[in-house]
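Below are the chains, spelled out letter by letter.
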Amino acid sequence: MRIEVAGEPRDIEKGATILDLIKLEGVETPEYVTVSVNGDFIPKDELEKELSEGDSVEFLYFMGGGM
Amino acid sequence: MAFTNDQLERYSRQIILKEIGAKGQKKLLNAKVLIIGAGGLGAPAALYLAAAGVGTIGIVDDDVVDLSNLQRQVIHTTPDVGKPKAESAKETMEAINPEIKVNAIRAFVDSKNILELIAPYDFIIDGTDNFAAKFLINDACVIAGKAFSHAGIIRFKGQLMTYVPGQGPCYRCAFREPPPPGAVPTCREAGVIGAMGGIIGSLQGLEAVKFIAGAGDLLVGSLLTFDALKMEFRKVKLKARPDCQVCSDKPTILEPFDYAPAVCELKP
Ligand SMILES: [Zn+2]
């Protein structure tokens, strides 16, 4: 099944969840990543949701520096 | 108010731009921008806003210049080490452009003073280095109905977004709550490449100028991320969250509050 991660195509297994994708992508500090699917922010307790063909996933990271 | 010959010359390269023009320059001269943090992000933002002729610029910082700041905080120079950052920034800005008014404010921004601090200004720039401050600035600006630029930098990465009241999501729509202290690197142990502040802080200054002059599209409803190792910019669309704690129709955050002060601790 083909989806998009940060604008890049990815082929993943049908039935894969957002949590699976987080592991697959080797996301840094996975507990604190913000995930959006097709523009909607996914609450932490809904990360077990299965992805669908054509979904566009973005990972947003905390960046706290500035000084 | 007519321009003086010096003003026409000083600002000629931007008055010539049709998106700015004489009208935009007048708006800049009448505008008030507050920069919170005179560091890696605040320094370039302050320099460009002063140079562009933003009439009143407030700069808040409670810290003093340290030798380790000079690698990126380009508004301070070696003889400034030990001087309050707000004062040092003011001196540089006034040297660049003596006709603007700079309010140097040596203060630690918290829930008690933030609404008063931002009240006189049209646009706020978040140049702070911790999540407690970033969420505080977001909440205060949403509550007070102020446009602001959020940004964060770390190592070789940076990101920014712009909030304009009623026009798009706030920082909390995307990031909800600060991570627990120490969970996500923020502080000096993580490191940051000097030019990252230059890039992202300049973009924040640019957003302020565009907001004031009404030029082009702002980063409202999008987060611009920059990865210097890949040399890649990406713009990620953000939607306002209907259940956002502060900017939705039914907010649960009605006044600014402080998170526990971030201690600089990073898991090994
Ligand atoms: Zn919001």
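The coordinates are above.
Parameters at a glance
Residues numbered from 1 in each chain as written. Chains lettered and ligands numbered in written order. Predicted model: local features only at pLDDT ≥ 70, side-chain atom pairs only at ≥ 80, totals over all residues. Heavy atoms only, no water. Helix = DSSP H or I, 4+ residues; strand = E, 2+ residues; numbered from the N terminus. Buried < 20%, exposed > 50% of the residue type's maximum accessible area, 1.4 Å probe, protein only. Contact = heavy atoms within 4.5 Å. Core = buried A, V, L, I, M, F, W, Y, C linked by side-chain atoms within 4.5 Å. Pairing = 2+ DSSP bridges. Axes fitted to C-alpha atoms, helices over the stretch in contact; angles between N-to-C directions. Buried area = accessible area lost by both parts, 1.4 Å probe. Salt bridge = Lys/Arg side-chain N within 4 Å of Asp/Glu carboxyl O. Polar contact = N/O pair within 3.5 Å; in protein donor to acceptor, adjacent residues only side chain to side chain.

J.: I'm lost on the environment of valine 102 of chain B in this one. Help?
T.: Residue and element names in this part refer to chain B. Along the chain, valine 102 falls in strand 3 (residues 101–105). Overall, the relative accessible area of 4% leaves valine 102 in the buried class. When near neighbours in sequence (up to four residues on either side) are disregarded, valine 102 contacts Ile57, Ile59, Lys90, Met93 and Glu94.

J.: Looking at this structure, I do not really get the nonpolar core. What am I missing?
T.: In globular proteins that are soluble, nonpolar side chains generally tend to be buried together. Residues and elements named next belong to chain B. One finds Val33, Ile35, Leu49, Val54, Ile57, Met93 and Ile125 to be the most contacted residues of the largest nonpolar core, which totals 29 residues. The set of elements that each furnish at least two residues to this core consists of strand 1 (32–36), helix 4 (42–52), strand 2 (56–60), helix 5 (85–96), strand 4 (123–126) and helix 9 (194–213). No other element matches helix 4, which puts seven residues into this core. Filtering out sequence-adjacent residues up to four positions away, leucine 49 remains in contact with Val33, Ile35, Val54, Ile57, Ile125, Gly205, Ala208 and Val209. Counting residues in hydrophobic clusters, the runner-up holds 22 residues, among them Leu34, Val142, Phe148 and Cys170.

J.: Please clarify how the sheet that holds strand 1 (residues 2–5) of chain A should be interpreted in this entry.
T.: Strands belonging to one sheet form pairs held by backbone hydrogen bonds; the direction of such a pair is parallel or antiparallel. Residues and elements named next belong to chain A. The mixed open sheet is built from five strands, whose spatial order is 2-1-5-3-4. Both edges of this open sheet fall to strand 2 (8–11) and strand 4 (40–41), since each of them pairs with a single strand only. As defined by bridge partners, strand 3 (residues 34–37) adjoins strand 5 (residues 56–60) across four bridges and the pair is classed as antiparallel. Across the sheet, residue threonine 34 finds its bridge partner in strand 5, namely leucine 60.

J.: How should the sheet that holds strand 8 (residues 232–237) of chain B be read in this particular structure?
T.: Residues and elements named next belong to chain B. Strand order in the open sheet formed by eight strands is 3-2-1-4-5-6-7-8, and the pairing between neighbours is mixed. Every interior strand has two partners, whereas the edge strands, strand 3 and strand 8, have only one. Neighbour-to-neighbour, the strand axes of this sheet turn through a mean angle of 15°, independent of strand direction. Note: strand 6 (residues 157–163) against strand 7 (residues 222–227), four bridges, orientation antiparallel. Pairing of lysine 157 across the sheet is with aspartate 227, part of strand 7. Here helix 4 sits on the sheet in contact with strand 1, strand 2 and strand 4, set at roughly 160° to strand 1. Helix-sheet contacts for helix 7 (residues 131–144) involve strand 1, strand 4, strand 5 (147–154) and strand 6, and the interaxial angle to strand 5 is about 170°.

J.: Before we go on, may I ask you to explain the interface of chain A and chain B in this structure?
T.: How big an interface is tends to be expressed through the accessible area that disappears when the partners come together. The interface of chain A with chain B comprises 21 residues on the first partner and 41 residues on the second. When the two sides are added together, the surface that chain A and chain B hide from each other amounts to roughly 2400 Å², 61% of it contributed by carbon and sulfur. In terms of surface lost to chain B, no three residues of chain A exceed Phe62, Met63 and Met67 of chain A, which account for 38% of the buried area on that side. Run the count over chain A and chain B and you get three salt bridges. As a salt-bridge pair, aspartate 40 of chain A and lysine 239 of chain B come within 3.0 Å of each other at their nearest N and O atoms. Taken together, the links from chain A to chain B amount to ten residue pairs in polar contact (both at pLDDT 80 or more).

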